[in-house]
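# Overview (structure and organization)
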Amino acid sequence: MSPLAHGVGSSSDLPLPLDLVLQAGAATVVLSFLIAALWWTRPRLAGFAERPVPAAIWLPALRVVVLLLSLYLVGNALFGPRDSANPVAHALFVWLWVGVVPLSALLGPVWRAVNPLRTLFRLLRLPPAGLRPGAGLGVWPAVLWLLAFVWFELVAPGRTDPLVIGCCLLGYGLAQLGMAVLRGEQWFARGDCFELYSELAGRLSPLRWQVPLSGLAARLPGAGAGLAAFVAVWWGSTVFDSASGSPAWAGFVQRAGHADLYATGALVLVCIVVLVAVRKTAGGLDVTASLIPIAVGYTLAHYLSLLIVAAPRGFLLLTRQWGLASDVAWNVVPIPSVIAGAQVALILLGHVIGVIVAHDAALASAAVDAPGVSGAVRVAAAGPRLARGVPVLATLADELPLVLFMIGCTWAGLFLLFVR
Amino acid sequence: MTVLVALVLLVAAAFLLVPAMVGVKFLMAATSLLSFSSLFASFMLLVSSASIATFLQLAVLALSRRRARAAVPPADLPALAAPAGVHAVALPADARAADAPADVRAFAAPAGVRGFAPPAGVSAFAPPAGGPQPAPAGLGKRSLRLVPFLLAALTLLPGCTQAPAAQAAAPAACGSEAPGQVAANAELRDGKASPAPHRVAVPLGSQVRLGISVDSAAQIHVHGYDLEYQVRPGQPMCIVFVASRAGLFDVEAHPDTLLLQLEVK
């Protein structure tokens, strides 16, 4: 067999150095409380709109290109070589699953713009309204699809066999198209897990939102338990990927046997634990929006070297199949210390953005509640306050559980990159 | 009074530095973060650093409140005579803070928000210019607010120590271990690694001698270096190579049995 037999996802990053982890952990705490108490004293993010997608001429062309590339990759997976020369594993696990995150975080929901299933749906002139339109189960189908995908990526036996990947992709496409025929084109926005994934990461985009980060303060699609579950599966699967690479886990699975069974159970368990923590820890506030930057930061930190090493390699495999550039090789090895620094920076940045968003939401809800207090009480209470009139520490008390929970998430991410 | 409170808070924060430093020292010396004492030390570190941050904020708030109050009286005195006037003054400010998205956009747009997204914004901190901030106290408060950020930056500075080295490898079956060499043994028995999968620290550039024995034919793969060998039962194999690339690499018996991990650095 080939080196690819373990999938493209096997990471070779060194564990983070202890001093970096400790400093980052301390900085997390300090930054969180500084932001919450001093830096961000007024709600500034609410009430901004998304910029419309420019109706450029290149967008339909790009859609067609992505559709043709997807069709080629699936066809090649089904009928092409069944060894490591087949680029479909790179395309699915690196380009789509990892690559969409930085692209969306920069440019907005890219996968919604170029989704080949959507293009196919329009080209086939399927009924846009659907045969039985309705909201159905909200975003829960996407949660289940995402869980199925991460199970396939991390646990499933034979997951790097191009034939298996091709069959799964074909099945996924047919199921999605069938549901879209039933529910209408809007199905893709809530039922296609990759589109929802790209949509959530795209909320960070500085290009698509007038004020950076205001996308996270706007209403999320299908906000509520379903979306929290989606973020939980996203974050939890990355956590599981970190943890399952450790020798301790390998030793446990070897002693216990039934590796796939235990891995499946552990994956689902981690996702459920994250979901329960997300829903129960934060009190009355909706945490999902503030967890998105943390999930994006951790995903990028975890897969950074994979993206650098494997994404161009997949492209080379593709061109090599067409007989182009057969002597070009991509042997870039990232310097471990640079990767470690970038990982810590990404995790901290995600955490800071998450705290800002959570704090902004708390301030905004406090500002809405405030007019309910009578004017006389406000005047009496105005004396010992800051001149600005916003009782900063009062909102801090409300959001304290949330901030502590986010510190916990960030510490967990750092710890996992340390013990990996 | 507020100065006294602020001083007490600052002194308390300074005292809390002691347990924080002890925690950091202990964690630096600890070999594993998973032991009870290390977890306790990190808990201490968490609690003390959070308290330091909170105390500092409270101190800064106390001081800035004093300044704000000192700045207010001239404007406040006539208002005291006519409470209705205070009411009228207070309301528009509330309405502005409350629920007027157009206004929120007006303060957010001019400055600041863009600078908050990258971490570089920490050093380039600038309070928004367009908000309803009192002009006379603004400058002093602004410079006062920089203090916690400077302290936060200081905590990040001392970062040049090395993580403790891991344990040395066991003596090898394939030849004895010479200086500059690292030897490790692994055995595949009933599809399990023996000893249990573990991590071997390898200095960058040293020679690695891997002694592998199996009880059924297996393909042994050293990731990263992409070395692959077929090993047969009864014929232990010695894989020798120079660890020229830093990283964490699995040594596996295909398809999926981890034997050990090489941590090259």
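Since the structure is predicted, the reported quantities are computational estimates derived from the model, not experimental observations.

### Looking at the overall build of chain A
On a plain count of helices and strands, chain A comes out with 17 helices and zero strands. Its C-alpha radius of gyration of 23 Å places chain A within 12% of the 22 Å reference for a compact globule of 420 residues. A principal-axis box enclosing the C-alpha atoms of chain A has dimensions of 80 × 55 × 40 Å. Buried positions account for 48% of the 420 residues belonging to chain A. Sequence separation of 24 or more characterises 89% of the internal contacts of chain A that already satisfy a separation of 6 or more.

### Quick look at the packing of helix α11 (residues 225-244) of chain A against helix α14 (residues 288-321) of chain A
Residues and elements named next belong to chain A. Look at α11 against α14: their axes get within 10 Å of each other, and the N-to-C directions meet at 25°. Here α11 lies roughly parallel to α14, going by the angle between them. Handedness of the crossing formed by α11 with α14: left-handed. Only Thr 288, Leu 291, Ile 292, Ala 295, Tyr 298, Thr 299 and His 302 of α14 make contact with α11, whose side of the interface consists of Leu 227, Ala 228, Val 231, Trp 234, Trp 235, Thr 238, Asp 241 and Ser 242. Taken together, the residues of the contact of α11 with α14 sort by class into nine nonpolar, five polar and one charged.

### Description of the sheet that holds strand β7 (residues 237-242) of chain B
Strand pairing in a sheet takes place through backbone hydrogen bonds and is either antiparallel or parallel in direction. Residue and element names in this part refer to chain B. The strand order β2-β1-β4-β7 describes an open sheet built from four strands, whose pairing is mixed. The open sheet has two free edges, formed respectively by β2 (192-194) and β7, since each of these has just one partner strand. Pairs of neighbouring strands in the sheet enclose a mean axial angle of 25°, with direction left out of account. By the bridge criterion, eight bridges tie strand β1 (residues 181-189) to strand β4 (residues 207-214) in an arrangement that is parallel. The residue of β4 that forms the bridge with Glu 187 is Ser 213.

### Concerning the nonpolar core
Membership of the largest hydrophobic core comes to 138 residues, with the highest contact counts inside it found for A:Leu146, A:Phe230, A:Val231, A:Ala232, A:Val233 and A:Val357. Per-element tally for this core: the top contributor is helix α15 (residues 336-369) of chain A, with 16 residues. When sequence neighbours within four positions are dropped, the list of residues in contact with A:Val233 reads A:Val143, A:Leu146, A:Leu147, A:Val150 and A:Cys271. Among the nonpolar cores identified, the runner-up in size contains 29 residues, and B:Ala193, B:Val200, B:Val214 and B:Ala253 belong to it.

### Some thoughts on the UniProt feature "transmembrane region" (unreviewed entry) in chain B
Following the UniProt record, one finds the feature "transmembrane region" (unreviewed entry) at residues 39-63 of chain B. Between the C-alpha atoms that bound residues 39-63 of chain B there is a distance of 36 Å. The span itself is 100% helix and 0% strand.

### What about helix α6 (residues 140-154) of chain A?
Residue and element names in this part refer to chain A. The end-to-end C-alpha distance of α6, which contains 15 residues, comes to 21 Å, matching closely the 21 Å that a straight helix rising 1.5 Å per residue would cover. For α6, the set of buried residues is Pro 141, Ala 142, Val 143, Trp 145, Leu 146, Leu 147, Phe 149, Val 150, Trp 151 and Leu 154. Buried residues along α6 sit against α8 (187-191), α9 (193-202), α11 and α13 (259-281).

### What to know about α9(A)
All names here are of chain A. With 10 of 10 residues buried, α9 lies mostly within the body of the structure. Restricting attention to buried positions, one finds in α9 the residues Cys 193, Phe 194, Glu 195, Leu 196, Tyr 197, Ser 198, Glu 199, Leu 200, Ala 201 and Gly 202. Along its buried surface, α9 packs onto α3 (88-107), α4 (110-114), α6, α8, α11 and α14.

### Brief notes about the environment of A:Trp140
Relative to the assigned elements, A:Trp140 resides in helix α6. Sequence separation of A:Trp140 and A:Ala225 is 85 residues, and the distance between their C-alpha atoms is 8.8 Å.

### Remarks on unusual backbone geometry
The step from B:Ser194 to B:Pro195 runs through a cis peptide bond, and the omega angle for that step is 0°. Within the chain, A:Arg125 stands out as a residue other than glycine whose phi angle is a positive 55°. Residue classification places A:Arg125 among the exposed residues on the basis of 7 C-beta atoms within 10 Å. Backbone geometry places A:Leu213, a non-glycine residue, at a positive phi of 75°. Relative to the elements of secondary structure, A:Leu213 occurs in the loop between α9 and α10 (214-217).

### Looking at the confidence of the model for chain B
All names here are of chain B. Overall, the prediction assigns chain B a mean pLDDT of 65, with 55% of residues at 70 or greater. Taken together, the stretch residues 152-172 has pLDDT below 50 and engages in 37 contacts with residues farther than four places along the chain or on a different chain. Interface confidence in the predicted complex, given as ipTM, is 0.74; pTM for the same model is 0.71.

### So, the sheet that holds strand β5 (residues 218-222) of chain B
Residue and element names in this part refer to chain B. Spatial strand order, β3-β9-β8-β5-β6: five strands in an open sheet with mixed pairing. If you trace the sheet from one side to the other, it starts and ends with β3 (198-202) and β6 (227-231), each paired once. With direction set aside, neighbouring strand axes in the sheet form an average angle of 20°. As paired strands, β3 and strand β9 (residues 257-264) are joined by five bridges and run parallel to one another. Following the sheet pairing, Ala 201 is matched in β9 by Glu 263.

### Here's the deal with the pairing of β5(B)
All names here are of chain B. By the criterion of burial, β5 is predominantly enclosed, with four of the five residues buried. Examined bridge by bridge, β5 and β6 share five bridges and lie antiparallel to one another. Bridging from a neighbouring strand, Val 222 pairs with Leu 227 of β6. Linking two consecutive strands that pair antiparallel, namely β5 and β6, is a turn of four residues; a positive phi of about 80° is found at Gly 224 within it. With three bridges connecting them, β5 and strand β8 (residues 247-253) associate as antiparallel partners. For Ile 220, the partnering residue across the bridge sits in β8 and is Ala 253.

Calculation rules
Residues numbered from 1 in each chain as written. Chains lettered and ligands numbered in written order. Predicted model: local features only at pLDDT ≥ 70, side-chain atom pairs only at ≥ 80, totals over all residues. Helix = DSSP H or I, 4+ residues; strand = E, 2+ residues; numbered from the N terminus. Rg over C-alpha atoms; globule rule 2.2 N^0.38 Å. Buried ≥ 20, exposed ≤ 12 C-beta atoms within 10 Å, placed from the backbone. Contact = placed C-beta atoms within 7 Å. Axes fitted to C-alpha atoms, helices over the stretch in contact; angles between N-to-C directions. Parallel < 35°, antiparallel > 145°, perpendicular 65-115°, else oblique. Left-handed = near helix turned anticlockwise from the far one by under 90°. Nonpolar A, V, L, I, M, F, W, Y, C, P; charged D, E, K, R; others polar. Pairing = 2+ DSSP bridges. Core = buried A, V, L, I, M, F, W, Y, C linked by C-beta atoms within 7 Å. UniProt positions renumbered as here; feature names shortened; annotations may be inferred. Expected span 1.5 Å × (residues − 1). pLDDT = per-residue confidence, 0-100.

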